[in-house]
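Residue-level structural notes
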Amino acid sequence: MTERTYSISDLSREFDVTARAIRFYEDKDLIQPMREGQRRIYTARDRVRLKLILRGKRLGFSLSEIKDILDLYDTDMGESRQLELLLDKIEERRRALEAHRRDIDLTLAEMDDLERQCRENLKERAGAD
DNA sequence: TTTCTCACA
DNA sequence: TGTGAGAA
């Protein structure tokens, strides 16, 4: 069985990212497609990596964090360590999001206060007029 | 169509 | 973390 390969436009269509972005990930060493002359040839494995990159991005990981995780994919005894690193990253990311949520809640509470004051002020003015 | 590079946010 | 343009 001969393995399927993909062109850069195949993948950009499938995952709805620009070819530019895919080349950009390569430039950052997140993917290493083969070459056929100048052209990039993506294997099923490259395709999986791209899928993982995009998932990582959705979760808010930086490209370098994604690279750290992806690199363990290639390592011999990497399986468990990859999962452990991923767990670390998830925990870290979760903390960051929770901190962000607290900030947002504080800001919303302040806005409630301010809004209340504005409304009271309006009422007083209406009475004074 | 795809590549590369330079500039730009 | 990408994009756009221009030339090959």
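Quick caveat, the model's predicted, so the values are computed rather than measured. (Residues numbered from 1 in each chain as written. Chains lettered and ligands numbered in written order. Predicted model: local features only at pLDDT ≥ 70, side-chain atom pairs only at ≥ 80, totals over all residues. Heavy atoms only, no water.)

Our focus in this paragraph is the protein's contact with DNA strand C. Around DNA strand C, the neighbouring residues are Thr-18, Arg-20, Ala-21, Phe-24, Tyr-25, Lys-57, Ser-62 and Leu-63. The sugar-phosphate portion of DNA strand C accounts for 39% of its atoms within 4 Å of the protein, the bases making up the rest. Measuring from a phosphate oxygen of DNA strand C, one finds a side-chain N or O atom of Tyr-25 at 3.1 Å. Contacts to DNA strand C include Lys-57, whose side-chain N or O atom sits 2.6 Å from a phosphate oxygen. Counting residues per element, the surface near DNA strand C draws most heavily on helix 2 (residues 19-27), which supplies 4 residues. Within the surface near DNA strand C, the residues separate by chemical class into 4 nonpolar, 2 polar and 2 charged. (Near = heavy atom within 4 Å. Polar contact = N/O pair within 3.5 Å; in protein donor to acceptor, adjacent residues only side chain to side chain. Helix = DSSP H or I, 4+ residues; strand = E, 2+ residues; numbered from the N terminus. Nonpolar A, V, L, I, M, F, W, Y, C, P; charged D, E, K, R; others polar.)

Quick look at the layout of surface pockets now. A volume near 260 Å³ is recorded for the largest pocket. For the lining of the largest pocket, the secondary-structure elements that each account for two or more residues are helix 3 (44-58), helix 4 (63-74) and helix 5 (78-128). Here the residues of the lining of the largest pocket sort into 9 nonpolar, 2 polar and 2 charged. (1 Å grid on protein atoms, 1.4 Å probe; cavity = no way out; pocket = protein on both sides within 12 Å on 5 of 7 lines; lining within 4 Å. Points joined across faces, edges and corners; volume = space filled by probe spheres on them.)

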